[in-house]
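# Overview (structure and organization)
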Amino acid sequence: MLKFIRSDLATLSAYPPNPGGKVPHAVDRLDANESPYDLPPELKEKLARAYLHHLETNRYPDGSHFALKEEIAEYVNSYSADLNGVITPDEISIGNGSDELIRSILIATCLGKEGSISIANPTFSMYAILAETLGIEVVNLARCETDFSIDLLAAQKTIASAGTPPIRVVFVVHPNSPTGNALNAAELEWLRSLKEEILVVIDEAYFEFSQTSVVNELRQHPNWIILRTFSKALRLASLRIGYAIAHRELIDVLEKIRLPYNLPGFTQMAASIALNNRETLLPSIAETLKERDRIYDILSRHPKIRIWPSRANFFYARLKTATEENSHRLLSHLTRTLKDRGTSIRHTGGGLRITIGTPDENARTIERLQMLLDDL
Ligand SMILES: *Cc1c(COP(=O)(O)O)cnc(C)c1O
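All of the points below concern the structure found in this document. As the structure is a computational prediction, the values presented were derived from the model and not from experiment. (Residues numbered from 1 in each chain as written. Predicted model: local features only at pLDDT ≥ 70, side-chain atom pairs only at ≥ 80, totals over all residues. Heavy atoms only, no water.)

Residues three or four positions apart in an α-helix share a direction because the helix packs 3.6 residues into each turn. For helix α4 (residues 126-133), the set of buried residues is Met 126, Tyr 127, Ala 128, Leu 130 and Ala 131. Against α3 (98-109), β3 (116-120), β4 (138-141), β5 (167-173) and β6 (199-203) lie the buried residues of α4. In the segment just after α4, Gly 135 is the residue with positive phi, at about 70°. (Buried < 20%, exposed > 50% of the residue type's maximum accessible area, 1.4 Å probe, protein only. Helix = DSSP H or I, 4+ residues; strand = E, 2+ residues; numbered from the N terminus. Contact = heavy atoms within 4.5 Å.)

The sheet built from seven strands is open, its strands ordered β2-β8-β7-β6-β5-β3-β4 with mixed pairing. The open sheet has two edge strands, β2 (92-95) and β4, and neither has a second partner. Averaged over all pairs of adjacent strands, the angle between their axes in this sheet comes to 25°, without regard to strand direction. Pairing analysis gives four bridges linking β6 to strand β7 (residues 224-229), with the strands arranged parallel. Each bridged residue has a counterpart across the sheet, and for Val 200 the counterpart in β7 is Trp 224. Across the face of the sheet, α4 comes into contact with β3, β4, β5 and β6 while running at roughly 160° to β3. (Pairing = 2+ DSSP bridges. Axes fitted to C-alpha atoms, helices over the stretch in contact; angles between N-to-C directions.)

Moving on: the packing of helix α1 (residues 41-54) against helix α9 (residues 265-276). Where α1 meets α9, the axes come as close as 10 Å, and the angle between the chain directions of the two elements is 140°. Classified by the angle between their axes, α1 and α9 sit oblique to one another. Judged by the sense of rotation from one axis to the other, the crossing of α1 with α9 is right-handed. Facing Leu 43, Lys 46, Leu 47, Ala 50, Tyr 51 and His 54 of α1, the residues of α9 in contact are Phe 266, Met 269, Ala 270 and Ile 273. Looking at the contact of α1 with α9 residue by residue, the classes come out as eight nonpolar, one polar and one charged. (Parallel < 35°, antiparallel > 145°, perpendicular 65-115°, else oblique. Left-handed = near helix turned anticlockwise from the far one by under 90°. Nonpolar A, V, L, I, M, F, W, Y, C, P; charged D, E, K, R; others polar.)

Alternating residues of β2 divide into Ile 92 and Ile 94 and Ser 93 and Gly 95, and every residue in both groups is buried. Here β2 pairs with strand β8 (residues 242-246) via four bridges, running antiparallel. For Ile 92, the partnering residue across the bridge sits in β8 and is Ile 245.

Attention now moves to a nonpolar patch on the surface. There is a patch of nonpolar side chains on the surface, built from Met 1, Leu 2, Phe 4, Ile 5 and Leu 9 and spanning about 540 Å² of accessible area. Summarising the element assignment, Met 1 is placed in the segment before β1 (28-29). (Patch = residues over 30% accessible without salt bridge, like charges linked within 9 Å, V, L, I, M, F, W, Y side chains within 5 Å. Areas by Shrake-Rupley, 256 points an atom, 1.4 Å probe, with all protein chains shown as cover. Salt bridge = Lys/Arg side-chain N within 4 Å of Asp/Glu carboxyl O.)

Overall, the coordinates contain twelve aromatic pairs when judged by the stated rule. Ring geometry for Tyr 75 versus Tyr 79: centroids 5.3 Å apart, planes at 90°, classification edge-to-face. The partly exposed category is assigned to Tyr 79, whose relative accessible area is 31%. Ring pairs connect the aromatic residues Tyr 75, Tyr 79 and Phe 207, which therefore count as one cluster. Between Arg 228 and the ring centre of Phe 207, over which it is positioned, the NZ or CZ distance is 3.6 Å. The aromatic ring of Phe 314 is capped on one face by Arg 353, whose charged end is 5.9 Å from the ring centroid. (Phe/Tyr/Trp six-rings, centres within 6.5 Å; stacked < 30°, edge-to-face > 60°. Lys NZ or Arg CZ within 6 Å of the ring centre and 35° of its normal.)

Before going further, it helps to spend a moment on the pattern of salt bridges. Scanning the entire structure with this criterion turns up 16 salt bridges. Close ionic contact of Asp 28 with Arg 368 constitutes a salt bridge, the shortest N to O distance being 3.0 Å. Of this pair, Asp 28 sits in strand β1 while Arg 368 sits in helix α13 (residues 359-375), and the two are 340 residues apart along the sequence. For the residue pair Asp 28 and Arg 368, the accessibility class agrees, reading buried in each case. Notably, a salt bridge pairs Asp 293 with Arg 292, separated by 3.2 Å at the nearest N-O pair.

It is worth spelling out unusual backbone geometry at this point. For the bond running from Thr 164 to Pro 165, omega is -5°, close enough to zero to count as cis. For Pro 165, the position within the fold is in the loop between α5 (152-161) and β5. Located in the positive-phi region is His 65, a residue other than glycine, with phi close to 55°. Here the phi dihedral of Arg 235 falls at roughly 65°; this positive angle occurs in a residue that is not glycine. Turning to its location among the elements, Arg 235 is positioned in the loop between β7 and β8.

Structure representation (structure tokens):
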């Protein structure tokens, strides 16, 4: 071990980046909840032309993100009929993926043993991974197995009884990954009731699919922050753009913390082109939702797995009759074999998370999955 490295990093391992090493191109990649559709060629050409004619590679990019923030604010507001909810550019911060924003939030709230964070597993793994790299403690809240809503009574107790450091941040995903459920009325009420000393992060990475958002309520809660991304419905996972919406004072702090040129010029161009051509990009969502419901119908009739309804572009399934230990072994085997046969999915949180792909990818995947389940 290098003598100058923090001792607590010794036990951590690097995040296995998707697709977890090299995946042959022939594999159907249903493991990262990306859109199955690349940017259409006419938009790539637009981007290439903008790059060719307008991007000076020798100059630093716009470090204020001013123009892009205005476009994002317009996009956010286009979903909202509520004038009280109108978001302005100074209520937005843009990150190199929402991952960067998650890290900035952790730095702003908990670093130096000032606080710990709370998550309810199974959920997006990045919160805990990033917290641990910063030496921040992670406190787990339980979920009800029936619908994966948070066990609120237990959550209240856990938060109230946390000693030092206190819980400073609660992370929720709306709808949750990997389980696909949106926050229910009781969960929302609980988030509203959390005291001002606790920051509530509501990750809306999948809001374009679920059409659920708390953005109209944001102004009433200075301790709420919404995270969104261009990596899912807007098809730009490769270019790394996420944004946060929150009270101006909180945004100012995130802007203080971020690296001055965190968003490459090319990335800013791509984000702008995606937003300005969203009428080309967003219609594929309807197809995805139709496919999701079709797959749900088929797989919910399978005797060996239990599948949960989803509000996002993926769904979650577990084996019906298996002990936890047995299930882990069987699902690992199933995931590996499925990949050998041509579909990569995600084994996580004691179940399988399967992204909705193109109709062809889905058809192949269902067939492969059914064959493997029959052999189980
Ligand atoms: C995919 C995903 C993101 C996106 O992260 P980026 O860094 O913007 O690519 C954020 N939160 C959740 C819950 C996700 O599933």
